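Observations on the model geometry
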Protein chains: 2
Amino acid sequence: MPLIVEKYGGTSVANSNRIREVAAHVAHRQRSGDQLALVVSAMGSETDDLLHLATNVANNPPERELDMLITGGERKACALVAMAISDLGVPAASFTGSQAGFVTDTKHTNAKILRITPNRIKDAVAEGTVPVVGGSQGMSVDKDITFLGRGGSDTTAVALAHALNADVCELYTDVTGVFSTDPRIVPEARCMKSTSFRELLEMTANGCPKPAMRAVEIARTYNVKLHVRSAFTWTPGTIVTGEENMENVIISSVTHKIGEAKLTVSGVVDRPGIAAQLFRALADKDVNVDMIVQNVSSKGVTDISFTSPIDQLSAAREVVNMMKSKLGASGVRTYDNLARVSLVGAGMKNTPGVAARMFETLAENGINIELISTSAIRVSCVVKAEHAERAVAVLHSAFELEKPPHERASLR
Amino acid sequence: MPLIVEKYGGTSVANSNRIREVAAHVAHRQRSGDQLALVVSAMGSETDDLLHLATNVANNPPERELDMLITGGERKACALVAMAISDLGVPAASFTGSQAGFVTDTKHTNAKILRITPNRIKDAVAEGTVPVVGGSQGMSVDKDITFLGRGGSDTTAVALAHALNADVCELYTDVTGVFSTDPRIVPEARCMKSTSFRELLEMTANGCPKPAMRAVEIARTYNVKLHVRSAFTWTPGTIVTGEENMENVIISSVTHKIGEAKLTVSGVVDRPGIAAQLFRALADKDVNVDMIVQNVSSKGVTDISFTSPIDQLSAAREVVNMMKSKLGASGVRTYDNLARVSLVGAGMKNTPGVAARMFETLAENGINIELISTSAIRVSCVVKAEHAERAVAVLHSAFELEKPPHERASLR
């Protein structure tokens, strides 16, 4: 009998009707002969509602108490889902992260799983009961309740699937799978039949919901097959495995991320360790740095540019100004209202011409590139935020992502 | 340093403002040198809201899952209260019932405490941290989360006060103490300075909030001093101890309970075991029987009357009709829309004339008595429901309960 871990996100269990629908699916599937273990997120906006309550009673709520509060959301949802399944005649039982055997470190609000001893979950499955585990939670080695952070239910599900040696980990959400780009921007966006862990990891932060990066990392490390699919249409979605180019795809998606800012420090003395000093200082002030580009040195001086979330621009600027004389820099320029647009595809590493066509496409459409950064399976360009959606649309079309891979013209 | 267990009911922590006010009281008191351990109920109507959700997703929610769901209410409240206290600079930490060491039996929705090993609570108190324990919950010997039932937070508080050997267990609510009767019916109702466990146990079910009977039983068994008081006025309330007649009181209160029905089975053959058969049959059908009166036998036959909650009248009638021939009964009569009015006072057992004056008072006011039942410290009369509030008022006045005990005329 196949063993499947099903994870339901917040929108999938947002209200009683949704919970009943999920229960009906689970009961039907269990009766059809599959063995199931469930992981559920908090209902709809519950996590935000709880955080809002916390800010109403305290200016600086202790993180230990925040975890006690927030994990209650997933716990409530897992009890309700277990009730709804039982009510359809299929035995089900809810388990907190602690009861499910999730042991974490003590880093409250963002704890890491140290180990899982899912004996109660295994017993439940063995006796035909559907276990329903509260997502994103565990008990620390200090016996305190911990939260794994936003998106932590995906992590719970993937880690549980590994611990149970499940056949697949199905991540249910409110979209039908992973798309070639955000369907709200490009209506022709294509739901991919399959993709790879590496590609998914490069598709950061566009509008379309995707599994939490941390969960995908774990899935990649332990080779847990994922299936990203919809709890609204219940149609097959996107399979994610370690195999690349399963569809012989060169490019799989275009993603974008707005809210970026760029800082350029010019005239920096080009000697070893100079970049390290700058980025250590930024890290010490908790400034998130995304892309870093250092231009080729000329006459012993160089320009260093990096991007940060726009809300950290002033903190970043402060650090840079403090470091300016130490770096021997001649100037600092900042640019806000930028966006990053990326092409992702495991096939591109063997295909010359992807970056070239990307730059050409943007140029033909009058979109200037502020910064370029690449990895083996991704090319990212920073452009003005006002051009981001248009950039996504023209790239999606230029690379024919609306077509199934075998129908696309090959790249030169 | 005195060690005090403070329990806050649902109205005391109903919203953010209330939680902040409770936190301010606790922080002030802890700074004044008292050692505190807190127990909190779920916020306002949270328990009802959660139950409502359960009925939306399942017709017959399993009790294990109900407990997982409902105990989330107290857990949320204890996290928020701990945050609010911490925010005022006094260290505080929340604990679930399980973390606080409450081990229960496996009777879900109405579990009994088997033992308490409150090591984490003791450690917290010793290091100057205010522990805030989720009320009405524990972990069963099967490692499942259990709910102690409605009003269970009082039970948690009293049991914890015993386990910690606390000086007093303060039960905070939205009224200023235990009243001589329901102040909404008799505005002159007096807040008692003190009363005894036994008296409190006899004052069942009138409108004025009082500690849960089960908690009072535990307090009596282990001699835990209670202080019933208000989290709105913060004024001293009613002290409850094992000492009776601390104020030299004969009568302490008038209580009433509406929604009663009476069944009279007449012409029953008067032989040993006949009543046992009837009440065993009623118990087997889960009919709650409150007062039982068997009239003196005449000519070998007797009448048996008993009261039940009105919503169980039809079930009771069905049982009685089934048993009729077996009992040799000649008739069954039912009366709905009744109420019980009781006088309670530990002093009455040594004071003749209490019952007499009660009956006289009711008669003078044209209120007919349907049934009488007494204990050592209580006299109860069943009257028509429409007369209940007037009965309470005239009895309160006749026994001068609005006055401090020493100013009352003595009873003949």
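Residues numbered from 1 in each chain as written. Chains lettered and ligands numbered in written order. Predicted model: local features only at pLDDT ≥ 70, side-chain atom pairs only at ≥ 80, totals over all residues. Heavy atoms only, no water.

On to the overall build of chain A. What chain A contains, in helices and strands, is 11 helices and 18 strands. Its C-alpha atoms give chain A a radius of gyration of 23 Å, within 12% of the compact-globule value 22 Å for 412 residues. Each principal axis of the C-alpha atoms in chain A carries an extent, and together these give about 75 × 55 × 35 Å. Taking all 412 residues of chain A together, 57% fall into the buried category. (Helix = DSSP H or I, 4+ residues; strand = E, 2+ residues; numbered from the N terminus. Rg over C-alpha atoms; globule rule 2.2 N^0.38 Å. Buried < 20%, exposed > 50% of the residue type's maximum accessible area, 1.4 Å probe, protein only.)

Taken together, the 43 residues of chain B in the interface contact 43 residues of chain A. With both chains or domains summed, chain B and chain A bury close to 3400 Å², and 56% of this area falls on carbon and sulfur atoms. Summed over the three residues of chain B that lose the most area to chain A, namely Val57(B), Arg75(B) and Met83(B), the buried surface amounts to 22% of that side. Close ionic contact of Arg120(B) with Asp144(A) constitutes a salt bridge, the shortest N to O distance being 2.6 Å. Linking chain B with chain A are 20 residue pairs in polar contact (both at pLDDT 80 or more), by the criterion used here. With 15 residues, the top contributor of residues to the side of chain B that touches chain A is helix H3 (residues 63–86) of chain B. Split into classes, the residues belonging to the side of chain B that touches chain A amount to 22 nonpolar, 11 polar and 10 charged. (Contact = heavy atoms within 4.5 Å. Buried area = accessible area lost by both parts, 1.4 Å probe. Salt bridge = Lys/Arg side-chain N within 4 Å of Asp/Glu carboxyl O. Polar contact = N/O pair within 3.5 Å; in protein donor to acceptor, adjacent residues only side chain to side chain. Nonpolar A, V, L, I, M, F, W, Y, C, P; charged D, E, K, R; others polar.)

Moving on to the relation of the copies chain B and chain A. Note on the identical chains: chain B maps onto chain A by a rotation of 180 degrees and an axial translation of 0.0 Å, with an RMSD of 0.2 Å. Look at the turn and shift together and you get a two-fold axis relating the two. For chain B, the smallest separation between a C-alpha atom and the rotation axis is recorded for Gly72(B), amounting to 2.9 Å. Taken as a fraction of all interface residues of chain B, those also at the interface in chain A reach 100%, which identifies the copy contact as same-surface. (Least-squares fit on C-alpha atoms with pLDDT ≥ 70 in both.)

Another point: the state of the cysteines. Residues and elements named next belong to chain A. This structure, assessed with the given rule, holds zero disulfides over all chains. Just so you know, Cys169 is unpaired, no disulfide at all, and the nearest cysteine sulfur is the one on Cys78, 16 Å from it. A relative accessible area of 0% places Cys169 in the buried class. (Disulfide = S-S within 2.5 Å.)

Quick look at the sheet that holds strand S5 (residues 113–116) of chain A now. All names here are of chain A. Reading across from one edge, S5-S4-S7-S8 is the order of the four strands in this open sheet, with mixed pairing throughout. Where the open sheet ends on each side, the last strands, each with one partner, are S5 and strand S8 (145–147). The mean inter-strand angle of the sheet, taken between neighbouring strand axes irrespective of direction, is 45 degrees. Relative to S5, strand S4 (residues 102–104) is paired through three bridges, and the arrangement is antiparallel. (Pairing = 2+ DSSP bridges. Axes fitted to C-alpha atoms, helices over the stretch in contact; angles between N-to-C directions.)

Moving on, we get to the sheet that holds strand S5 (residues 113–116) of chain B. Two orientations exist for strands paired in a sheet by backbone hydrogen bonds: parallel and antiparallel. Residues and elements named next belong to chain B. Spatial strand order, S5-S4-S7-S8: four strands in an open sheet with mixed pairing. This sheet does not close on itself; its edge strands, each paired only once, are S5 and strand S8 (145–147). Averaged over all neighbouring strand pairs, the angle between strand axes comes to 45 degrees, with direction disregarded. Note that strand S4 (residues 102–104) and strand S7 (residues 137–140) share two bridges and pair parallel. Note that in S7 the partner of Val103 across the bridge is Met139. Sheet strands in contact with H3 are S7 and S8, and its direction is about 75 degrees off that of S8. On top of the sheet, helix H5 (residues 152–163) reaches S4, S5 and S7; it is set at about 40 degrees to S5, its chief contact.

Residue and element names in this part refer to chain A. As enumerated under the stated definition, the model contains eight aromatic pairs over all chains in all. Between Phe279 and Phe306, the aromatic rings sit 5.5 Å apart at their centres with planes inclined by 80 degrees, giving edge-to-face as the arrangement. Of the two residues, Phe279 sits in helix H8 (residues 274–284) while Phe306 sits in strand S15 (residues 301–309), which places them 27 residues apart along the sequence. Taking the relative accessible area as the measure of exposure, Phe279 reaches 17% and is therefore buried. Chaining the aromatic ring pairs together yields one cluster made of Tyr8, Tyr172 and Trp234. Sitting over the face of the ring of Tyr335, Lys262 holds its NZ or CZ atom 4.5 Å from the ring centroid. (Phe/Tyr/Trp six-rings, centres within 6.5 Å; stacked < 30°, edge-to-face > 60°. Lys NZ or Arg CZ within 6 Å of the ring centre and 35° of its normal.)

Glancing now at the pattern of salt bridges. The tally for this structure, following the rule as stated, stands at 35 salt bridges over all chains. One network of salt bridges, in which partners are shared, links Glu6(A), Arg29(A), Asp34(A), Glu170(A) and Arg229(A).

We now examine the packing of helix H5 (residues 152–164) of chain A against helix H7 (residues 213–222) of chain A. Residues and elements named next belong to chain A. One way to put it is that H5 packs onto H7 with a least axis distance of 8 Å and a crossing angle of 15 degrees. The pairing of H5 with H7 is recorded here as roughly parallel in orientation. When you trace H5 past H7, the crossing you get is left-handed. Along its contact with H5, which presents Asp154, Thr155, Val158 and His162, the element H7 presents Arg214, Ala215, Ile218, Ala219 and Tyr222. A breakdown of the residues in the contact of H5 with H7 according to their chemical character gives five nonpolar, two polar and two charged. (Parallel < 35°, antiparallel > 145°, perpendicular 65-115°, else oblique. Left-handed = near helix turned anticlockwise from the far one by under 90°.)

Quick look at unusual backbone geometry now. Residues and elements named next belong to chain B. If you check the backbone angles, Thr109 has positive phi at about 70 degrees while not being a glycine. Tracing the backbone shows Thr109 in the loop between S4 and S5. Residue classification places Thr109 among the partly exposed positions, given a relative accessible area of 25%.

Where helix H3 (residues 63–86) of chain A meets helix H2 (residues 46–57) of chain B, the closest approach of the two axes is 8 Å, and the angle between their N-to-C directions is 35 degrees. Note that H3(A) runs across H2(B); the crossing there is right-handed. Here Lys76(A), Leu80(A), Met83(A) and Ala84(A) of H3(A) come into contact with H2(B), specifically with Leu50(B), Leu53(B), Ala54(B) and Val57(B). Taken together, the residues of the contact of H3(A) with H2(B) sort by class into seven nonpolar, no polar and one charged.

To continue, consider the nonpolar core. Counting 41 residues, the largest nonpolar core has Tyr8(A), Leu38(A), Ile85(A), Val130(A) and Val132(A) as its most contacted members. A total of nine residues in this core trace back to one element, the largest contributor, which is H3(A). In this structure, Val22(B), Met83(B), Ala92(B) and Val130(B) belong to the second largest nonpolar core, which totals 38 residues. (Core = buried A, V, L, I, M, F, W, Y, C linked by side-chain atoms within 4.5 Å.)

On to helix H7 (residues 213–222) of chain B, then. All names here are of chain B. Within the sequence span of H7, burial applies to Ala215, Val216 and Ala219. The buried side chains of H7 occupy one side of the element, clustering within an arc of 100 degrees when seen end-on. The inward-facing, buried residues of H7 contact H5, helix H6 (197–202) and strand S11 (226–230). Immediately downstream of H7, the backbone of Asn223 shows phi near 55 degrees, a positive value. (Arc of directions from axis to C-beta.)

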